[in-house]
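Listed below, chain by chain, are the residues.
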Amino acid sequence: MTMRNNVHLHEINKFGSMAERWWDTQGEFKTLHDINPLRLEFIRQYAGIAGKRIVDVGCGGGILTEALAKQGADALGIDLSEELVDIADLHGLESGVNAHYQKISVEELAEQQPGSFDHVTCMEMLEHVPDPGSIITACSQLVKPGGKVFFSTLNRQPKAYLLAIVAAEHLLQMLPKGTHDFKTFIKPSELCQTARSAGLALQGMVGIEYNPFNKQFSLGKDIGVNYIAAFERAE
């Protein structure tokens with residue numbers, strides 16, 4: 001595997017085929033819209049956003065990228081789905097948000113622009129690629145010394161299978177069926193070990209919890225399903 005094909009084509013095609021519905025806040029991607037303010041809240045706990053150059057890796061249709069731009073970041077979203085990059089560009093034009101997008105792999109961008117971003121975000125992507133370690137390493141290469149790198153993914157625990165797949169995809173139909181594959185989920189210990197090998201030090205980690213009664217997401221201590229972590233590249 002080369003760094004330029006660290007991708008499952010069926011994943012690119014799956015999400016790309018839903019690109020036109022990416023910004024429907026009540027559609028298949030409602031969950032992404034619902035948790036986006038929590039991601040932003042977590043990022044702001046560890047990093048300044050305004051005036052910072054930030055790359056959003058695996059940006060999809062640009063939900064987080066736009067939010068970062070609205071907070072004053074010089075935000076670049078990258079993805080390997082041409083359909084999603086096009087939708088992100090189009091939505092930016094419609095909303096007037098000045099974010100930038102590029103169809104490129106994170107590994108290739110790291111080759112071109114090493115150490116040139118103040119911060120890096122990579123949300124809900126690691127579980128969708130053949131080699132998540134390659135993504136983590138490239139994110140570390142992209143960020144400046146002292147900069148922050150943020151990852152969110154799913155924990156490979158039985159609880160995550162029950163809640164993120166059985167409940168969210170099949171029972172509650174919060175996500176399209178087939179969104180996740182349990183064997184690709186990543187334990188926090190695995191993420192931290194790989195990040196440490198890439199020169200990143202853990203700064204903090206929280207869970208993204210869902211309350212089925214009020215249908216609200218919140219940040220909390222339970223990292224058994226979906227979690228988000230902040231790392232810092234050594235000076």
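Preceding this section is the structure that the text describes.
Given the structure is predicted, the values throughout are model-derived calculations rather than measurements. (Residues numbered from 1 in each chain as written. Predicted model: local features only at pLDDT ≥ 70, side-chain atom pairs only at ≥ 80, totals over all residues. Heavy atoms only, no water.)

A. Geometry of the sheet that holds strand E4 (residues 117-123). Strands sit in the order E3-E2-E1-E4-E5-E8-E6-E7 across an open sheet of eight strands; the sheet is mixed. Sheet topology places strand E3 (100-103) and strand E7 (216-220) at the edges, where each strand pairs with a single neighbour. Between one strand and the next, the sheet's axes are offset by a mean angle of 20°, whatever the strand orientation. Two strands pair when backbone bridges link them, and strand E6 (residues 200-211) and E7 are joined in this way by five bridges, in the antiparallel orientation. Bridge pairing in E7 places Asn211 opposite Gln216. Strands in contact with helix H2 (residues 30-46) are E4, strand E5 (143-154), E6, E7 and strand E8 (226-233); relative to E7, the strand with the most contacts, it is inclined by about 25°. Along the sheet, helix H8 (residues 188-197) makes contact with E5, E6 and E8, crossing E8 at roughly 15°. (Pairing = 2+ DSSP bridges. Helix = DSSP H or I, 4+ residues; strand = E, 2+ residues; numbered from the N terminus. Axes fitted to C-alpha atoms, helices over the stretch in contact; angles between N-to-C directions. Contact = heavy atoms within 4.5 Å.)

B. Here's a closer look at unusual backbone geometry. In the Ramachandran plot, Glu124 falls in the positive-phi region, its phi being about 50° despite a non-glycine side chain. Looking at where Glu124 falls in the secondary structure, it is placed in the loop between E4 and helix H6 (132-142). The backbone phi angle of Lys215 is positive, close to 55°, even though this residue is not glycine. Secondary-structure assignment places Lys215 in the loop between E6 and E7.

C. Expanded view of the packing of aromatic side chains. Going through the model one piece at a time under the given rule, you end up with five aromatic pairs. Ring centres 4.7 Å apart and planes at 45° place the aromatic pair Tyr210 and Phe217 in the tilted group. Residue classification places Tyr210 among the partly exposed residues on the basis of a relative accessible area of 28%. Following the ring pairs from residue to residue traces out a cluster consisting of Phe42, Tyr46 and Phe150. The cationic tip of Arg53 hangs over the ring face of Phe117; the distance from NZ or CZ to the ring centre is 4.1 Å. (Phe/Tyr/Trp six-rings, centres within 6.5 Å; stacked < 30°, edge-to-face > 60°. Buried < 20%, exposed > 50% of the residue type's maximum accessible area, 1.4 Å probe, protein only. Lys NZ or Arg CZ within 6 Å of the ring centre and 35° of its normal.)

D. Just the state of the cysteines, in detail. In this structure the tally under the stated criterion is zero disulfides. Cys139 supplies the cysteine sulfur nearest to Cys122, a cysteine that is in no disulfide, at a spacing of 4.7 Å. In this structure Cys122 comes out as buried when scored by relative accessible area, which is 0%. (Disulfide = S-S within 2.5 Å.)

E. Examining the pattern of salt bridges more closely. Counted according to the given criterion, the structure contains four salt bridges. Here Lys30 ties to Asp34 by a salt bridge, and the two come within 2.7 Å at their closest N and O atoms. On the criterion of helical spacing, the pair formed by Lys30 and Asp34 is a turn pair, its members being four residues apart in helix H2. Taking relative accessible area as the criterion, Asp34 reaches 30% and is therefore assigned partly exposed. (Salt bridge = Lys/Arg side-chain N within 4 Å of Asp/Glu carboxyl O.)

F. Region of interest: the side chain of Thr65. Along the chain, Thr65 falls in helix H3 (residues 63-70). By relative accessible area, which is 0% here, Thr65 ends up buried.

G. Main features of a negative patch on the surface. A cluster of acidic side chains, namely Glu82, Glu83, Asp86 and Asp89, defines a negative patch on the protein surface. With respect to the helices and strands, the residue Glu82 is situated in helix H4 (residues 82-95). Assessed through its relative accessible area of 47%, Glu82 is described here as partly exposed. (Patch = residues over 30% accessible without salt bridge, like charges linked within 9 Å, V, L, I, M, F, W, Y side chains within 5 Å. Areas by Shrake-Rupley, 256 points an atom, 1.4 Å probe, with all protein chains shown as cover. Lys, Arg positive; Asp, Glu negative; His and termini not counted. Charge placed at Lys NZ, Arg CZ, Asp CG, Glu CD.)

H. Looking closely at the pairing of strand E1 (residues 53-57). A large share of E1 lies buried, amounting to four of its five residues. The pairing of E1 with strand E2 (residues 74-79) spans five bridges and is parallel. Each residue of the ladder has a partner; that of Val57, found in E2, is Ile78. A crossover connection joins E1 to the parallel E2 through H3; in handedness this β-α-β unit is right-handed. With four bridges connecting them, E1 and E4 associate as parallel partners. Looking at E4, one finds that Val55 is bridged to Val120. (Right-handed = clockwise from strand over helix to strand, strands pointing away.)

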